[in-house]
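A structural walkthrough
Here's the letter readout for the chains.
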Amino acid sequence: MIEFRKATLSDLPEMMVLFEMGIQSLKKQGSPQWQDGYGPNHEKIAEDIKNQESYVLLYDGQMAASAALVKGVDPVYTAITGKGWIGEGPYASIHRVVVSDHFRGKQLSAHLLKALEEEALAIGIHDLRIDTYQANLGMQKIIAGCGYQFCGQIVFPIPHGERLAYQKLL
């Protein structure tokens, strides 16, 4: 059974284990994404939770995935190169997507994105944006498979901050 809900501060320790697993998984793939202290940290995840922007996905009662749904303008997203965004209405960004290694192959990333889309619609957001590092081929496949369109590139002000940017109008 799958359950999707907002994260609470009591989830934070288990979420940090999940994010550390994600950081190590990217490292094993040879990706610089989330490495060298530039990945999700305790303070950022706690802030997401306090802002009511952090979500978890439970699979048979176990924490299996997490992501943030951040409403409002993302300053990094304003400097997109390439095709560009489709429309300029209010949007939310999906950030810090992670799935436990213990649940790989269960299509939970796609389920998580769909649940975030439903949450966005419930709060009146019809424009979702997401990004990933160019070496993260698995995430690119999931994003495209969920109907997001490639719009260009953005750059976070960190080492290896280049990201491929996608958008879906709901």
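Preceding block: the structure.
Residues numbered from 1 in each chain as written. Predicted model: local features only at pLDDT ≥ 70, side-chain atom pairs only at ≥ 80, totals over all residues. Heavy atoms only, no water.

1. Some words on the environment of Tyr133
Within the fold, Tyr133 resides in the loop between β5 (127-132) and α4 (137-145). A residue is classified by how much of its surface remains accessible, and Tyr133, at 9% relative accessible area, is buried. Distance from Tyr133 to Thr81, taken between C-alpha atoms, is 15 Å for residues 52 residues apart in sequence. Excluding residues within four positions of it along the chain, Tyr133 makes contact with Ser31, Pro32, Gln33, Gln140, His160, Glu162 and Arg163. (Helix = DSSP H or I, 4+ residues; strand = E, 2+ residues; numbered from the N terminus. Buried < 20%, exposed > 50% of the residue type's maximum accessible area, 1.4 Å probe, protein only. Contact = heavy atoms within 4.5 Å.)

2. Quick notes on unusual backbone geometry
What you tend to see is this: most non-glycine residues have negative phi, and most peptide bonds are trans. Of note in the backbone geometry, Asp36 takes a positive phi value of approximately 55° without being a glycine. Mapped onto the elements, Asp36 comes out in the loop between α1 (12-28) and α2 (42-50). Overall, Asp36 belongs to the exposed group, its relative accessible area being 71%. Backbone geometry at Arg96 places phi at a positive 55°, although glycine is not the residue there. The topology assignment puts Arg96 in strand β4 (residues 92-99).

3. Observations regarding the nonpolar core
Counting 25 residues, the largest nonpolar core has Leu69, Ile94, Leu116, Ile130 and Tyr148 as the members making the most contacts within it. For this core, the secondary-structure elements that each account for two or more residues are β2 (54-59), β3 (62-71), β4, α3 (108-122), β5, α4 and β7 (162-169). Listed in part, the 16 residues of the second largest apolar core include Met15, Phe19, Trp34 and Ile45. (Core = buried A, V, L, I, M, F, W, Y, C linked by side-chain atoms within 4.5 Å.)

4. Some words on α2
Of all the positions in α2, only Ile45, Ala46, Asp48 and Ile49 are classed as buried. The arc that holds the buried residues of α2, viewed along the axis, is 155°, so those residues lie on one side. Relative to its buried face, α2 has exposed residues pointing more than 90 degrees away, namely Glu43 and Lys50. Among the structural elements, α1, β2, β3 and β4 are those in contact with the buried residues of α2. A distance of 3.2 Å separates the backbone nitrogen of Glu43 from a side-chain oxygen at the start of α2, and that oxygen is part of Asn41. Of the residues trailing α2, Gln52 is marked for its positive phi of about 60°. (Arc of directions from axis to C-beta. Polar contact = N/O pair within 3.5 Å; in protein donor to acceptor, adjacent residues only side chain to side chain.)

5. Some points on the environment of Leu26
Residue position: Leu26 is located in helix α1. Each C-alpha atom of the pair Leu26 and Leu113 lies 19 Å from the other, and the pair is 87 residues apart in sequence. If near-sequence neighbours (up to four positions away) are discounted, Leu26 is found in contact with Ser31, Gln33, Trp34, Gln35 and Asn136.

6. Observations regarding the pairing of β3
Here β3 lies mainly inside the structure; eight of its ten residues are buried. Judged from the six bridges that link them, β2 and β3 form a sheet pairing that is antiparallel. When the bridges of β3 are listed, Tyr55 appears paired with Ala67. Hairpin connection from β2 to β3: two residues lie between these consecutive antiparallel strands, with Asp60 at a positive phi of about 50°. (Pairing = 2+ DSSP bridges.)

7. Remarks on the sheet that holds strand β1 (residues 2-6)
Read across the sheet, seven strands follow the order β1-β2-β3-β4-β5-β7-β6 without closing on themselves; strand pairing throughout is mixed. The open sheet has two edge strands with one neighbour each: β1 and β6 (149-155). Strand-to-strand twist across the sheet, computed as the mean angle between neighbouring axes with direction ignored, equals 30°. Pairing between β4 and β5: three bridges, direction parallel. Looking at the pairing, Ser93 lines up with Arg129 of β5. Running over the sheet, α3 touches β1, β2, β3, β4, β5 and β7 and is turned about 40° from β3. Packed on one face of the sheet, α4 meets β4, β5 and β7 and runs near 160° to β5. (Axes fitted to C-alpha atoms, helices over the stretch in contact; angles between N-to-C directions.)

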